[in-house]
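# Fold and contact review
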Amino acid sequence: MISGKAYLLDFDGTIANTVRCITTTMHETFRQMGFAPEQIPSYDAMVETIGLPLLGALKGLGNLDDERAQYATDLYRQIFKTLEKETIEIFPHVAETIKELHRQGKRLAIVTSRNYPSLERILQYHGLFNYFEEFMTNTPGIAPKPAPDMVNILLERMGLRPEDAIVIGDTTFDIEMGNRAGCRTIAVTYGNHSREKLCTASPTQIIDSFDQLL
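Throughout what follows, the structure given in this document is the object of discussion. Bear in mind that the values here come from a model prediction, so they are computed numbers and not experimental data.

What counts, and where the lines are drawn
Residues numbered from 1 in each chain as written. Predicted model: local features only at pLDDT ≥ 70, side-chain atom pairs only at ≥ 80, totals over all residues. Heavy atoms only, no water. Salt bridge = Lys/Arg side-chain N within 4 Å of Asp/Glu carboxyl O. Helix = DSSP H or I, 4+ residues; strand = E, 2+ residues; numbered from the N terminus. Buried < 20%, exposed > 50% of the residue type's maximum accessible area, 1.4 Å probe, protein only. Polar contact = N/O pair within 3.5 Å; in protein donor to acceptor, adjacent residues only side chain to side chain. Contact = heavy atoms within 4.5 Å. Pairing = 2+ DSSP bridges. Axes fitted to C-alpha atoms, helices over the stretch in contact; angles between N-to-C directions. Expected span 1.5 Å × (residues − 1).

## Focus on the pattern of salt bridges
One pass over the structure, following the stated rule, counts 13 salt bridges. Put simply, Glu28 and Arg31 hold a salt bridge, and the shortest N to O gap is 2.7 Å. Here the residue Glu28 and the residue Arg31 both occupy positions in helix H1 (residues 19-32), the gap between them amounting to three residues, near one helical turn. Accessibility expressed as a relative area gives 45% for Arg31, which makes it partly exposed. One salt bridge connects Arg103 with Glu100, and the closest N-O pair in it is separated by 2.7 Å.

Set out below in structure tokens:
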């Protein structure tokens, strides 16, 4: 197993199983916006957008103009808050592995398309927030995954070289982002993209369980 000074972790599909909450919220968002049942995007189509910025995901799924897409995003965030505690779970072995990596002196950060308030609420609820020293979340003006910009900003903040850091995620967006930033990458197979799809992004390594990081 490759190792580094720092681990830059995706959140949705890597740390937390959020797919049920995301797809349920998307479905309810489109329903409240007046979409007929047959017009609401399929479950598979929704899952394919996980890891991308929410505004663009909803815009594409619903074929929305800019104004309607912003309305959908605001509505989604209201609905998500009511569902997150009962539907989001931390994946097996993640919490104890994060704590052990922290104990070993590894530097931990999160790089995610999720907005910061939502990320903080979920991490605080599950007792994991304080193990991370930096957070790079969806930010206007910063190119989203799979562009390398979010990783590059984290590296600068943390005073790291690309070769010091490993980017870990469950989608090709994560792996492509890390590769483009010059970092080594680890893909996890239990998230939103299959092993076969992850291989197309050429990760440095692939793991089936988060505790394999140890």
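## A short note on the side chain of Ser113
On the secondary structure map, Ser113 appears in the loop between strand S4 (107-111) and helix H6 (116-125). The exposure class assigned to Ser113 is buried, which follows from its relative accessible area of 11%. Polar contacts involving the side chain of Ser113 include one to the main-chain carbonyl oxygen of Gly51, which spans 2.6 Å. Those residues in contact with Ser113 that sit more than four places away from it in its chain are Gly51, Leu52, Pro53, Asn138 and Lys145.

## Looking at unusual backbone geometry
Here the residue pair Lys145 and Pro146 is connected by a cis peptide bond, since its omega of 10 degrees sits within 30 degrees of zero. In this structure, Pro146 sits in the loop between strand S5 (134-136) and helix H7 (149-158). Here the phi dihedral of Asn63 falls at roughly 50 degrees; this positive angle occurs in a residue that is not glycine. With respect to the secondary-structure elements, Asn63 resides in the loop between helix H3 (54-62) and helix H4 (66-87). Phi at His93 takes a positive value of approximately 75 degrees, unusual for a residue other than glycine. Looking at the secondary structure, you find His93 in the loop between strand S3 (89-90) and helix H5 (94-103).

## Topic: the pairing of strand S6 (residues 165-169)
Working note: regular strand, side chains alternate between the two faces of the sheet. For S6, the tally of buried residues reaches five of five residues, placing the bulk of the element in the interior. Here S6 shows a buried face lined by Ala165, Val167 and Gly169 and a second buried face lined by Ile166 and Ile168. Across four bridges, strand S1 (residues 6-9) lies against S6 in parallel orientation. By the bridge assignment for S6, Leu8 is matched with Val167. As defined by bridge partners, S6 adjoins strand S7 (residues 184-188) across four bridges and the pair is classed as parallel. Bridged to Ile168 within S7 is Ile186.

## Notes on the sheet that holds S1
Across the sheet, six strands lie side by side as S5-S4-S1-S6-S7-S8; this open sheet has parallel pairing. Because the sheet does not close on itself, it has two edges, and the strands there are S5 and strand S8 (205-207). Averaged over all pairs of adjacent strands, the angle between their axes in this sheet comes to 25 degrees, without regard to strand direction. Seen against the sheet, H7 touches S1, S4, S5 and S6 and runs at an angle of roughly 160 degrees to S5.

## Observations concerning H4
With 22 residues, H4 should cover 32 Å at 1.5 Å per step; its first-to-last C-alpha distance of 29 Å lies within 8% of that length. At its buried positions, H4 is contacted by strand S2 (16-17), H1, H3, S3 and H6.

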